[in-house]
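# Architecture and fold: a report
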Amino acid sequence: MEWLLLCSDWHIGAANVDYGLIESELKLARERKARILLNGDVFDAILPSDRKRYSPTALHERIRGRADVMNGVLDWAIELCSPYADLFDVIGVGNHETAVEKHHSFDPVSALIGYLNKDHGGNVKYGGYCGFYRKSWVNQKRIYRTLTIYRHHGAGGSSPVTKGMTDFQRMLGFLPDADVFHIGHKHNRFVDSGVRLRCLASGAVKTEPYLSVMSGAYMDTYQDQSPLEALKFGRSASYAADMNLPPQRKGGVFLRVELNSNNHSDPIKVTAEV
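Sequence order as written defines the numbering, with residues in each chain counted from 1. With pLDDT at 70 or above as the cut-off, local features in this predicted model cover only qualifying residues; side-chain atom pairs require 80 or more to be listed or tallied, and sums for whole chains, interfaces and linings still use all residues. Calculation of side-chain values draws on the structure's entire complement of heavy atoms; hydrogens and water are dropped beforehand.

We now examine the overall build of the protein. Working definition: helices are DSSP H or I runs of at least four residues, strands are E runs of at least two. Numbering for both runs from the N terminus. A tally of regular secondary structure across the protein gives seven helices and 11 strands. At 20 Å, the protein has a C-alpha radius of gyration in line with the 19 Å of a compact globule built from 274 residues. The dimensions of the protein, computed from C-alpha atoms along their principal axes, are 70 × 45 × 35 Å. For the protein, buried positions account for 47% of its 274 residues. Of the contacts formed within the protein by residues at least 6 apart in sequence, a portion of 70% connects residues at least 24 apart. We compute the radius of gyration from the C-alpha atoms alone; for a globule the expected value is 2.2 Å times N to the 0.38, where N is the number of residues. Working definition: with a 1.4 Å probe on protein chains only, accessible area under 20% of the residue-type maximum means buried, over 50% means exposed, and in between means partly exposed. The contact definition used throughout considers only heavy atoms, calling two residues in contact when any of these lie within 4.5 Å.

Next up, the structure:
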């Protein structure tokens, strides 16, 4: 049995992030020897020059008041990831990182990977915004079993009604070779299982299972602030309250991969912990 952790949307540097949940998942990944795929928006990276989204209260107190915000969040990310550098296979970018790259000519994910690989013994691959991830195992009979994951950070709004299922349905139309689809971005967290029909070269017909995985963010969508606190210190920024969004589940998704050496019609069984 093998484990994979599919996660995204850490938003390091934001005030309302559950950093304890990030650390607890990383510790569990270590216990399970899980490979980690981090699918973008590692950094919140909403900087003072962002007139549309920036609010001083949105910055965590650890970096609030710093002129070099990106230096601070990069140091924080290295601190979180370096004890687990050997577990990360892929770290990708999301819309928060591409905004920094566009406006400030700096890619924080590339910098993070460089530090993890050079200074902490990692072998982390740069994932970009999307791509395939393929992992193979050899069972006791020396038969190879392969799992193919297609990961895309995600795009569009939060989809409070459909929660992003439409995105997966579109991907099924042009990605026939993926066993697992992984999206982040929308801050929803769920897993949906499905089956598709295949006609093999021999003419035989078989069914193939697949999983659609949406990893959640690590942000508390609503924060408790009394009217007196708001009057004294100012209103704390809350994108969920401002956009009338429902509370959302937090965290990544662990996949458990079991190799069925005696079952040629279903050689790999993949289940998710949600």
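Here the narrative resumes, following the displayed structure.
The next thing to look at is the state of the cysteines. We call a pair of cysteine sulfur atoms a disulfide when they lie within 2.5 Å. Considering all chains together, one arrives at zero disulfides under this definition. C130 forms no disulfide, and the closest cysteine sulfur to it belongs to C7, at a distance of 17 Å. Among the residues examined, C130 registers a relative accessible area of 36% and is labelled partly exposed.

It is worth spelling out the packing of helix α2 (residues 69–81) against helix α4 (residues 108–119) at this point. The contact between α2 and α4 brings their axes to 10 Å, and the two run at 40°. Our classification of the angle between α2 and α4 gives oblique. Where α2 crosses over α4, the two elements pack in a sense that is right-handed. Facing M70, L74, A77, I78 and C81 of α2, the residues of α4 in contact are P108, A111, L112, Y115 and L116. Throughout, an axis means a line fitted to C-alpha atoms (over the contacting stretch in the case of helices), and angles, computed between N-to-C directions, take values from 0 to 180 degrees. Oblique is the label for any angle not under 35 degrees, not over 145, and not in the 65 to 115 range, which are roughly parallel, roughly antiparallel and roughly perpendicular in turn. In this scheme the crossing of two helices becomes right-handed for a clockwise turn of the near helix relative to the far one and left-handed for an anticlockwise turn of less than a right angle.

Pairing between two strands requires that DSSP report at least two bridges joining them. Pairing in this open sheet of six strands is mixed, and the strands run β4-β3-β2-β1-β10-β11 from one edge to the other. If you trace the sheet from one side to the other, it starts and ends with β4 (125–126) and β11 (268–273), each paired once. For strand β2 (residues 35–39) and strand β3 (residues 88–92), the ladder comprises four bridges, and the chain directions are parallel. In the sheet register, N39 faces β3, and the bridge partner there is G92.

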